[in-house]
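An overview of the molecular structure
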Amino acid sequence: MAQDARGEVYDLLAARGVSRRDFLKYCGSVAALLGLSEMYAPQIAAAVESGAKLKPVLWIAQGLCTGCTESMAQSRTPDVPTVVLDILSVNYWETVMASAGSDALKAITETVDKGGYILIVEGSIMNGANGNTLRVGGRPGREDVKEAAKNADAIIAVGSCAVDGGWVKAAPNPAGATGVSEYLASVGISKPIINLPTCPVNPEWIVAMIVDVLLVGKLPALDSKGRPTLIYGSTIHDNCPRRGHFENGEFVEKFGTVEEKKQFCLYKVGCKGPQTYTNCPYVRWNDRVSWCVESGSPCIGCGNFNWVDNDAPFLTRTSNVKLPGIGGVAPSTVGAVLGGAAAVALGVHAVVSGTQGRVGKGGPPETEKAYDRKKAAKGGDK
Amino acid sequence: MSGHGHYREAHPLPLMLSHWSNLISMIVLVFTGFYIHFPFFAGFMGAARSLHFFFMYLLLVTITARIIMAFTVKDTNQMGTKDRDWDWKNWIPQAENRHQLIETAKYYLFMRKEHVISAKNGALQKIAYLATIPLTYAIAYAGFAIYTPAHQWGIWPFFEAGLTAVGGDMNMRIIHYFLMWAIILFTMIHVYLANIYGVAPTKLMFFWIETEDPHDRYHQ
């Protein structure tokens, strides 16, 4: 049977112009991403080969821009991650599947009834208007997630929206968007969820997680927020190829300058790398061609939780603080105003102290506390 | 205040040294902190961060030692005297400070002419000094929470809980920044009030130079 699967997978790969050699090489890099030795490449290949037959996948779309699907489908040539996901038995993926309507939705019910599948959710859960801000198949879209979560072997929330609501959740959030974990917890389904934030998700990470689930048969090590520690264990800043320029104090002050050309650090033009936990600097994007900082853009922190509200404006060092009646103000402006106001107040105080003859010696000492004086005036202790 | 003697018993040597240590740490931390927040000249980031971390540990050690000293060192509790008592009484309002908090505020706001009766430290002064302790620990806590190497420490969950509570690294950075401004504002007011009524307290605090007052009982 394994032999059949093998043949079937390689036929599929060959039809898309991916050789067996390419595939094994790719499995080696997945091994590296999972923190395994490249020795594991054949086992990963075997897991994908048999998984292709055994492991169905449901890819459920919710409140989304389809960017994560785009990210999966971004390839110039049929790249290996897309093909690997393609040859998995994806029973439902509305953006790319051929069938539509109730026929398509039937695939969800059938797969759930059989059980033993991987559920991938893309997009935020839209809770606004009792879930009616997103309707699929005549009912709130979130019902699909609830139904599909029931019998899933593993749930993977791909992209920031599925993780915590992403940009859909950004203030004022009229759609009432949340992430999959929060939603499932609210409907009483407690299942471990693999959270893969960033906007969009990196296909390499999905493949790595699916391979991990197929290979080891259980979820990888997750941090307290459900993120695989292998992928989200350290900051972009700590692995950034421009880190040396940061330590040297060499910064891009403005775009279009010689400093930018020299690829100096983007910290002063708003790079959120120091507080963003992903392995973008070494896994990179688009077939490992490049990634944001390498292509000259400061990191906008899309791998963070509540990332739009926390990280915008994207080209300044910090986000703004919201002051009632004034709106968003940069923290440094608030600090400078406070410090300036205090300096002016103390200056005025010094001048008034001068006119009162207090400077250098203070006011004349009182002989009795005001409290005791008042008490005595009232008749004192009788 | 002027009008009475300033003797070394008011600030014994260990307290003078811890004050120096705190001052130097704060100046370096604030300067490097501003630089790390927004590097306003080139070529200093590596040094700024190293200095920031070194003086942060020095400050934490000094302030912790200072708390221990409050219970183990005796200094004067009243003005114009050499009589000593436990230092912690200079941090907590005592009998001499009772009913004087509002009067002190009124004096500083020119709502009364006479200076109020108080211990060596006034009621407002004691509360402000006391507040610097939780303030310093809070800013250190916020600092550790945004310091990525702390993720590897056994007590990381303690910091992670705070990060989750405030909604992530960015908010914690802003809190760390504003707490620094709280320290700057405290220092501005502290420096002003310590010197506007005469420089005798400063001479004593920094250089251990006494200012004598012929009216004190030590000169009668």
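Residues numbered from 1 in each chain as written. Chains lettered and ligands numbered in written order. Predicted model: local features only at pLDDT ≥ 70, side-chain atom pairs only at ≥ 80, totals over all residues. Heavy atoms only, no water.

Bringing the overall build of chain B into the picture now. The helix and strand tally for chain B stands at seven helices and two strands. Scanning chain B from its N terminus toward the C terminus, one meets helices and strands in the order α-α-β-β-α-α-α-α-α. For chain B, the spread of C-alpha atoms along the principal axes amounts to about 65 × 35 × 35 Å. Per-residue burial over chain B gives 47% buried out of 220 residues. Here the analysis covers contacts within chain B between residues at least 6 apart in sequence; of these, 62% occur between residues at least 24 apart. Carbon and sulfur atoms provide 71% of the accessible area of chain B, an area that totals close to 10700 Å². Between the averaged position of the 16 positive side-chain charges in chain B and that of its 14 negative side-chain charges there is a distance of 2 Å. (Helix = DSSP H or I, 4+ residues; strand = E, 2+ residues; numbered from the N terminus. Buried < 20%, exposed > 50% of the residue type's maximum accessible area, 1.4 Å probe, protein only. Contact = heavy atoms within 4.5 Å. Areas by Shrake-Rupley, 256 points an atom, 1.4 Å probe, with all protein chains shown as cover. Lys, Arg positive; Asp, Glu negative; His and termini not counted. Charge placed at Lys NZ, Arg CZ, Asp CG, Glu CD.)

All names here are of chain A. Relative orientation of the contacting elements helix α6 (residues 101-114) and helix α7 (residues 142-149) amounts to 25 degrees, with a least axis distance of 9 Å. Classified by the angle between their axes, α6 and α7 sit roughly parallel to one another. Here Leu105, Ile108, Thr109 and Val112 of α6 lie close against α7, whose contacting residues are Asp144, Glu147 and Ala148. Taken together, the residues of the contact of α6 with α7 break down into four nonpolar, one polar and two charged. (Axes fitted to C-alpha atoms, helices over the stretch in contact; angles between N-to-C directions. Parallel < 35°, antiparallel > 145°, perpendicular 65-115°, else oblique. Nonpolar A, V, L, I, M, F, W, Y, C, P; charged D, E, K, R; others polar.)

Attention now moves to the interface of chain A and chain B. With 53 residues of chain A at the contact, the number on the chain B side is 49 residues. Of all residues in chain A, Arg358(A), Glu366(A) and Lys369(A) bury the most surface against chain B, accounting for 15% of the area lost on that side. Our enumeration of links across chain A and chain B arrives at two salt bridges. Where Glu247(A) meets Arg49(B), a salt bridge forms, and the shortest distance between an N and an O atom there is 3.4 Å. The interface formed by chain A and chain B contains 29 residue pairs in polar contact (both at pLDDT 80 or more). Counting only elements with at least two residues in the side of chain A that touches chain B, the list comes to α12 (243-248), α15 (307-311), α16 (331-355) and α17 (370-377) of chain A. When grouped by side-chain class, the residues that make up the side of chain A that touches chain B number 20 nonpolar, 18 polar and 15 charged. (Buried area = accessible area lost by both parts, 1.4 Å probe. Salt bridge = Lys/Arg side-chain N within 4 Å of Asp/Glu carboxyl O. Polar contact = N/O pair within 3.5 Å; in protein donor to acceptor, adjacent residues only side chain to side chain.)

A word on the packing of aromatic side chains. Residue and element names in this part refer to chain B. One pass over the full model with this rule turns up 34 aromatic pairs over all chains. Summarising the aromatic geometry, the rings of Phe41 and Phe44 are spaced 5.5 Å apart at their centres and angled 25 degrees between planes, so their arrangement reads as stacked. Take Phe41: its relative accessible area is 35%, and that puts it in the partly exposed class. You can call Phe44 buried: its relative accessible area is 18%. Centroid distance Phe144 to Trp153: 5.5 Å. Interplanar angle 65 degrees. Geometry classified as edge-to-face. (Phe/Tyr/Trp six-rings, centres within 6.5 Å; stacked < 30°, edge-to-face > 60°.)

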